[in-house]
Amino acid sequence: MKALELDLGKGLEGLPLELSWEGPLLKGILRQANPVLGEVALPFQSRLEGSRLTPIPLPPPALAVGGEVLPRGEGLLLRLEVDLLLPEARTWGERAFFRLLKAIFLHTLERALSQKTPLGL
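Residues numbered from 1 in each chain as written. Predicted model: local features only at pLDDT ≥ 70, side-chain atom pairs only at ≥ 80, totals over all residues. Heavy atoms only, no water.

(A) Quick look at the pattern of salt bridges. For the structure on display, the rule yields 7 salt bridges. With its nearest N and O atoms 2.9 Å apart, the salt bridge here joins Arg79 to Glu5. One end of the pair, Arg79, is in strand β7 (residues 75-85); the other, Glu5, is in strand β1 (residues 2-7), and 74 residues separate them in sequence. Connected via shared salt-bridge partners are Glu5, Glu68 and Arg79. (Salt bridge = Lys/Arg side-chain N within 4 Å of Asp/Glu carboxyl O. Helix = DSSP H or I, 4+ residues; strand = E, 2+ residues; numbered from the N terminus.)

(B) The packing of aromatic side chains, seen in detail. Applying the stated criterion across every chain yields a total of 1 aromatic pair. On the numbers, 6.0 Å between centres and 50° between planes, the contact of Phe97 with Phe98 is tilted. (Phe/Tyr/Trp six-rings, centres within 6.5 Å; stacked < 30°, edge-to-face > 60°.)

(C) Structural view of the nonpolar core. Core analysis: the biggest nonpolar cluster contains 20 residues, and Leu63, Leu80, Val82, Phe105 and Leu109 have the highest contact counts within it. When residues of this core are traced back to their parent elements, those giving at least two are β1, β3 (25-34), β4 (38-49), β6 (62-72), β7 and α1 (92-115). Per element, the largest residue contribution to this core is 4 residues, and it comes from β7. (Core = buried A, V, L, I, M, F, W, Y, C linked by side-chain atoms within 4.5 Å. Buried < 20%, exposed > 50% of the residue type's maximum accessible area, 1.4 Å probe, protein only.)

(D) Just the environment of Asp83, in detail. Checked against the element boundaries, Asp83 lands in strand β7. In sequence terms Asp83 and Pro55 are 28 residues apart; their C-alpha atoms lie 9.9 Å from each other. Of the polar contacts made by the side chain of Asp83, one reaches the side chain of Lys102; its length is 3.2 Å. (Polar contact = N/O pair within 3.5 Å; in protein donor to acceptor, adjacent residues only side chain to side chain.)

(E) Main features of unusual backbone geometry. Looking along the chain, the bond that leaves Pro60 and enters Pro61 is cis, with omega of 0°. Along the polypeptide, Pro61 turns up in the loop between β5 (52-56) and β6.

Encoded structure:
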């Protein structure tokens, strides 16, 4: 799990992220360019309860996004807790590969969102 902050008052320009509000639901897709897999689109959904975002489980591969939403100036500040949801690993090799994939993904995600650079491995 990775903790991130997004200031929506500054917009999402340059980020590989699409967000939309549908009532109390925050829906989004994070797109990642991957040299082996091509473009990977990871969807997520969260429910806003007060100022708290609660992840709504989606089938893997997807993201679980929780955290809180705070007013900031003209926009909103999202303090997010992001986790990558992968299929259940059945062997020790799959578990090791998924742990490595998750660590690389979360590191790359943090770097891309903090620097507003394209997300890729």
